[in-house]
Structures are given as C-alpha cells and as structure tokens.
2 protein chains.
Amino acid sequence: MSATDGDIMDKNEAADKRETGTLGKLMVLLDIVTHADGPMRFTDILAVAGQPRGTLHRQLGHLTEEGLLEVLADGRYAPGLRLLDLASRSWARNEFRLIAEPHLNALQQLTGETVHLGVLRGASVIYLDKVEGSQPVRMYSQIGNASPIYCTGVGKAALSALPDDRLDAIISSVSFQHFTENTLTPETLRREIADIRRSGNAFDREEHEVGIRCVAAPVFSEDLSFVGGVSVTGPAYRLTFERLEEWALPVRGAAQSIMSGMRIGLGPRR
Amino acid sequence: MSATDGDIMDKNEAADKRETGTLGKLMVLLDIVTHADGPMRFTDILAVAGQPRGTLHRQLGHLTEEGLLEVLADGRYAPGLRLLDLASRSWARNEFRLIAEPHLNALQQLTGETVHLGVLRGASVIYLDKVEGSQPVRMYSQIGNASPIYCTGVGKAALSALPDDRLDAIISSVSFQHFTENTLTPETLRREIADIRRSGNAFDREEHEVGIRCVAAPVFSEDLSFVGGVSVTGPAYRLTFERLEEWALPVRGAAQSIMSGMRIGLGPRR
DNA sequence: CCCGATAGTTCCATTATTCAGAACTCAATT
DNA sequence: AATTGAGTTCTGAATAATGGAACTATCGGG
C-alpha cells in the first residue's frame, strides 16, 4: 500500500441512494473506525460521524457488544475480532475462490511470479486470493484489500468486461489519483479498456507503483454477477515487456479455465 | 415464537446477556449464513432464524445492501465481500499483532516450525497471526479461525492467565468434544491449568489432532484486556517430548518479549 | 483547593424504524 | 386450471433509536 493515503475518500458516497436504516448508520461508524490510521477516541469519532453524543455513544456500545469494535484500555475504539472470524469463514467457503484456486496455482507454477485473483466491488477491486512463490507471506497483506480500479491489472481487466453504461458510471464516480508518472487518467483509461476488449489482456506498466508490472485477464460470469480478473505481478526487471507478452496467453488461459469452472460449479441449480 | 421453539442452541456464543437491539438480530443472521456449509436459500434461513417472512426478507435485504451478504445468481445468500475488506483493515492495524510480529518471526527462525499467535474471545481462541516455514501458505487457513479452547496450546495457555471465576465460567459454558484419545475433559483441564500456572508452559500432546503437538505460553496484558498465547506447532515425529521441553523456554521468552512490547506500546495514553 | 476545560455517560419524552402477518406475485407441477 | 412452493410487498401496531440536556469524571493550572 502507498505510504499515506491522506484523507482521499473515493468511497461510494457518490450514488448514495438511501440509507439502510439502522444498519447503514452503524456501518458508517464501522467504516470510520476501520479506515482510521489507528484506534480512535470517542471525541474523534464524534467529530467525523455527525451524530449527537448520546446517539453515538449508544451506537458504539452496540457495535462493541457485538465484537465488531473493541474498546482498548485507554477507552479508544479499534476494529474488533469478530470481523476476523466472520471474514475467515466467508473466505474459506467462497465459491469463486475455491473454483479458481487450482488454476491460480498452475499459473504460479508456470510463471514463478505472484498470482492474484481480484473481484470488482463498487468502484474498487478486492483481492480474493494470492499465490506467491516461496517466501513466508504476510498473509492478509493483500487479501481483502480494496485497491483502485484504474491502476491495477485486475481492475482494468474487470472493467473491460462491463457494458459501457456501468463502465461510465464507475469511471465518473472515481477520483483519479496520480500514483506514478504512468498512472492513467479517465481518458487514457477509456482508450485502454478498448484495447483490453480487443486483445483480452490488461497490463499494468508501473502505473500504481514504480518498478511493479503485471499482466491480467478478465474473469466474469455470464450474468456479470462476478466480475474480476487474474493477474501475474512482479518486478519490472523480471517482467520485461517481452515477458509480459509471453505470459499474456497463459493468463488468458487461466481466466478461461476459471470461467469454465464457474459455469459448471454455479450454472445449474444445486 | 411459534410451536417449534426447542431448537439446537448449543452455539458457543449463546449465553450472552442482553441483545443489542436491531444490530443483534442482524448479526444473528450474519452468523447463520457465515456458519453454514454453503450458500443458503431464503427458506433455509427462514427455518433456522425464527423470524416472520416479511421481517427476514427486509433484514436480509439490508445486509445485502451493505455488502455483508451477497445474493448469488440463483437467489441463495452467501457472505459478502465487505467482510473481507473490513477484516483486512482490522488485521493490518491490530496493535497486538504488530507488537508480536517480530517476536513470532524470531521464534519461527529458532525452531523452524509453525508459530501461532492467538487471542481469547468468549470461549474460543481466534488466531491473530501465523508464521510458517517456507511453503506457500493457504493464508486465511488459520488466521481468524475460532478454535476450541481446551485442546489447543494457545487456548490452554490463555486460560491459565485468567482468574478462577472467569476460568470456571468459561469451562462450564463449553461443551467438550472428544477429538482424539488425548483430548482433555473439564477435570483434566483444570489440573493442567494448575500445571501451566506453575511452569509457565502449555502443551498440546495430540489432543486436537493425531500427530500434531505444540508448546505454548500465555501472553496477556496486566488488566487482562488481552488474553492469549504464542505457540510452536508441528508434527509429532519432529516435536518429540524432549524437543517440546527444549522449546518451552524460548516460547516463554517470546511471550515475555511480546508482553514487554505491549506495556510500552499500550501503557501510556498516547 | 478550586476553577474551568475537556471527555465520556445517563436520562427520557419524541419520533422514526422495525415488526408481524396476511395478501400478493411468479414459476413450476400435476 | 388448480396446486404447491418460494419469494415479495403492504399495512397499522409495537418497539427501538433518537437527540438534547443534565450529569459525572478527569485533568491542568493558578
């Protein structure tokens, strides 16, 4: 992740239709605390939550009671352990991940580089799985992380699978941050999407982080209930442009295999 | 509410005091879906949730709207991706984990075996971190998992740090399952806790899984806001009883170091 | 020791959400 | 066409959430 995100909130505030009743208000609080740089005091939350003190106090109490938040010894609030428990279950059983797993491993074997599976959620990519070479991995380091859509191979691959109206909606809802000198703008992104649709491959040429390149391909279900991508990522000195081209086909192949698996695994009723 | 009240309620979190209003009801649903073997249909959830149809329908709608649940193409409900996002943040920033990380690595280097950091939540142990040797790890495989307290080294170590009243409360609230022929009973567990308090080390001698042993030590903060443990786990043929004894001291040492770190990192207000 | 801040908690009449159950739609079966 | 199963929508009534103010710490000076 980049060093300091600052306070840039390209959250989905944009199409903020109506709240989800009580739950919506509580989730806003949960987001505030989990997005913070560290534990927050009551007053800190009060300042950004825009709720009366009494109300906020009760809401935090409920979240804490349920284990979604935790109160540290000094009274500050931090994300709670229940989140880990819920997530580990949802991850372990995720259908798409299970279907993709063997293909990700195969791709890792072939290339020797890190392989990712990501899925589109709102205007972000969430990494569902990651297969690395051999070094002991910082495990949550990537999985579950929400990353920008316009400067990752998986993100661009996923976008290319969307119909134009959804694509437009997403592009216009995102604020484009300038990570490296190669980071795309809305215009160049649109042009690239057209390329990806033609060729079937998305590339990240040091657009998010200097020295990191990747080649990706879209993975999606027919009804677009799943829209994501697979990618092979590595350092620029190993992933030369020739190498990227060379791996474009196997990456597309892995994507195809995963999609076949999805049709079998999810197609009929069950 | 209806005639069919007597249902299986032996879920671990059962005996909590008061419900948390609306949130509590929604969390029950979320638990039902995340604990299921696979995606559930509306009717499946209806059967176990004990809510009127209309009510359940709205509740699931809200959870889905927030991304905590997901509706598959065939209408079944599965845990949603938002959970991964929330969890990855909460994990990455977890204070205890960050403090413990270097000590876990050191212990892994020393022993060459898998090292765990776990924390007590209710009557379960949740794994906060895991450092393995060299093979590419199935990452969520363990982290975030809730495991029984009476047959894991970390669980027993954590218990030994509790005062008797809390210990009793937990032991009496748990139903002891018989995993292997070495799995403890409430009585033998109490006796072992006494040993652990004396020696400072907990052992798992194939009590949870045949062929797996481990040596652990408690890690806790002074005010017991954090109660957990570190452990070294491995196959019985490598972790002979002599080896377990040999590593008992370094494991205690790592635990001590983590606790020192906690006092510095969490003690003053900041 | 008291003053004035700052931080967090509790109370309670008002109001908005949620609730429950029935009526309704839609699709497959017979 | 009639029946069953699965899911959705609608309603007044019940309940839980709200918000403002009053209350209690806790702290740092003077």
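Just so it is clear, the structure is predicted and the values come from calculations on it, not from any experiment.

Parameters at a glance
- Residues numbered from 1 in each chain as written.
- Chains lettered and ligands numbered in written order.
- Predicted model: local features only at pLDDT ≥ 70, side-chain atom pairs only at ≥ 80, totals over all residues.
- Heavy atoms only, no water.
- Helix = DSSP H or I, 4+ residues; strand = E, 2+ residues; numbered from the N terminus.
- Buried < 20%, exposed > 50% of the residue type's maximum accessible area, 1.4 Å probe, protein only.
- Contact = heavy atoms within 4.5 Å.
- Areas by Shrake-Rupley, 256 points an atom, 1.4 Å probe, with all protein chains shown as cover.
- Least-squares fit on C-alpha atoms with pLDDT ≥ 70 in both.
- Near = heavy atom within 4 Å.
- Polar contact = N/O pair within 3.5 Å; in protein donor to acceptor, adjacent residues only side chain to side chain.
- Nonpolar A, V, L, I, M, F, W, Y, C, P; charged D, E, K, R; others polar.
- Buried area = accessible area lost by both parts, 1.4 Å probe.
- Salt bridge = Lys/Arg side-chain N within 4 Å of Asp/Glu carboxyl O.
- Phe/Tyr/Trp six-rings, centres within 6.5 Å; stacked < 30°, edge-to-face > 60°.
- Pairing = 2+ DSSP bridges.
- Axes fitted to C-alpha atoms, helices over the stretch in contact; angles between N-to-C directions.

Let us look at the overall build of chain A. When its secondary structure is counted, chain A shows 9 helices and 8 strands. Looking at chain A as a whole, 52% of its 270 residues qualify as buried. The long-range share in chain A, meaning contacts at least 24 apart out of those at least 6 apart in sequence, stands at 56%. Within the structure as shown, chain A displays about 12300 Å² of accessible surface, and the carbon and sulfur contribution to it stands at 52%.

A few words on the relation of the copies chain A and chain B. Overlay of chain A on chain B (RMSD 0.1 Å): rotation 180°, translation along the axis 0.0 Å. As the rotation angle and translation indicate, the two copies are arranged about a two-fold axis. Counting the interface residues of chain A, we find that 98% of their copies in chain B are interface residues as well, pointing to one common contact surface.

Turning next to the protein's contact with DNA strand C. Of all residues adjacent to DNA strand C, which total 16 residues, the nearest are T22, T43, R53 and H57 of chain A together with R58 of chain B. Each atom of DNA strand C within 4 Å of the protein was assigned to sugar, phosphate or base; sugar and phosphate come to 69%. R58 of chain B places a polar side-chain atom, nitrogen or oxygen, 2.3 Å from a phosphate oxygen of DNA strand C. Among the secondary structure elements, those contributing two or more residues to the surface near DNA strand C are α1 (21–35), α2 (42–49) and α3 (53–65) of chain A together with α3 (53–65) of chain B. Along the lines of polarity and charge, the residues of the surface near DNA strand C split into 2 nonpolar, 10 polar and 4 charged.

Glancing now at the interface of chain A and chain B. By a frequent convention, interface size equals the accessible area lost on bringing the separate parts together. Each partner contributes to the interface: chain A provides 64 residues, whereas chain B provides 63 residues. Summed over both sides, the interface of chain A with chain B buries roughly 6000 Å², with 61% coming from carbon and sulfur. In this assembly, chain A and chain B are joined by 2 salt bridges. Measuring nitrogen to oxygen at the nearest pair gives 3.1 Å for the salt bridge that ties D31 of chain B to R82 of chain A. Looking at the side of chain A that touches chain B, the elements that each hand over two or more residues are α1, α3, α4 (82–92), α5 (95–111), β3 (114–121) and β4 (124–131) of chain A.

Around DNA strand D sit 17 residues, and of these T55 and R58 of chain A together with T43, R53 and H57 of chain B come closest. For DNA strand D, the fraction of protein-proximal atoms (within 4 Å) that sit in sugar or phosphate groups is 67%. Within the side chain of R58 of chain A, one N or O atom sits 2.4 Å away from a phosphate oxygen of DNA strand D. Within the residue set of the surface near DNA strand D, elements represented by two or more residues are α1 and α3 of chain A together with α1 (21–35), α2 (42–49) and α3 of chain B. Residue contributions to the surface near DNA strand D peak at 5 residues, all from α3 of chain A. Partitioned by chemical class, the residues of the surface near DNA strand D number 2 nonpolar, 11 polar and 4 charged.

Another aspect to go through is the packing of aromatic side chains. Residues and elements named next belong to chain B. As enumerated under the stated definition, the model contains 6 aromatic pairs over all chains in all. Relative to F226, the ring of F96 has its centre 4.2 Å away and its plane inclined at 45°; by these criteria the two rings are tilted. Of the two residues, F96 is situated in helix α5 (residues 95–111) and F226 in the loop between β7 (212–220) and β8 (227–235); the sequence distance between them amounts to 130 residues. You'll find F96 and F226 in the same group, each marked buried. Aromatic side chains Y150 and F176 sit 4.5 Å apart centroid to centroid with 35° between the ring planes, which places their arrangement in the tilted category. In this pair, Y150 is assigned in the loop between β5 (146–148) and α6 (153–160) and F176 in the loop between α7 (164–173) and α8 (186–199), connecting sequence segments 26 residues apart.

With that out of the way, let us pick up the pattern of salt bridges. Enumeration over the complete set of coordinates arrives at 30 salt bridges over all chains. Note that D129 of chain A is salt-bridged to R97 of chain A, the shortest N-O span being 3.4 Å. Highlighted residues: D129 of chain A in strand β4 and R97 of chain A in helix α5, separated in sequence by 32 residues. Taken individually, D129 of chain A and R97 of chain A each receive the classification buried, so the pair is uniform in this respect. Here D164 of chain A ties to R197 of chain A by a salt bridge, and the two come within 3.1 Å at their closest N and O atoms. Taken together, the residues span a long stretch of sequence, with D164 of chain A in helix α7 (residues 164–173) and R197 of chain A in helix α8 (residues 186–199) at a distance of 33 residues. In the salt-bridge network here, residues are joined through shared partners; they are D31 of chain A together with E66 and R82 of chain B.

Moving on, we get to the sheet that holds β3 of chain A. Residues and elements named next belong to chain A. Strands sit in the order β5-β4-β3-β8-β7-β6 across an open sheet of 6 strands; the sheet is antiparallel. Both edges of this open sheet fall to β5 (146–148) and β6 (202–205), since each of them pairs with a single strand only. Taken pair by pair, the neighbouring strands of this sheet meet at an average axis angle of 35°, ignoring direction. Judged from the 4 bridges that link them, β6 and strand β7 (residues 212–220) form a sheet pairing that is antiparallel. Residue pairing for β7: F203 is matched across the bridge by V215. Relative to β7, helix α6 (residues 153–160) is tilted by about 30°, and along the sheet it contacts β3, β4, β6, β7 and β8 (227–235).

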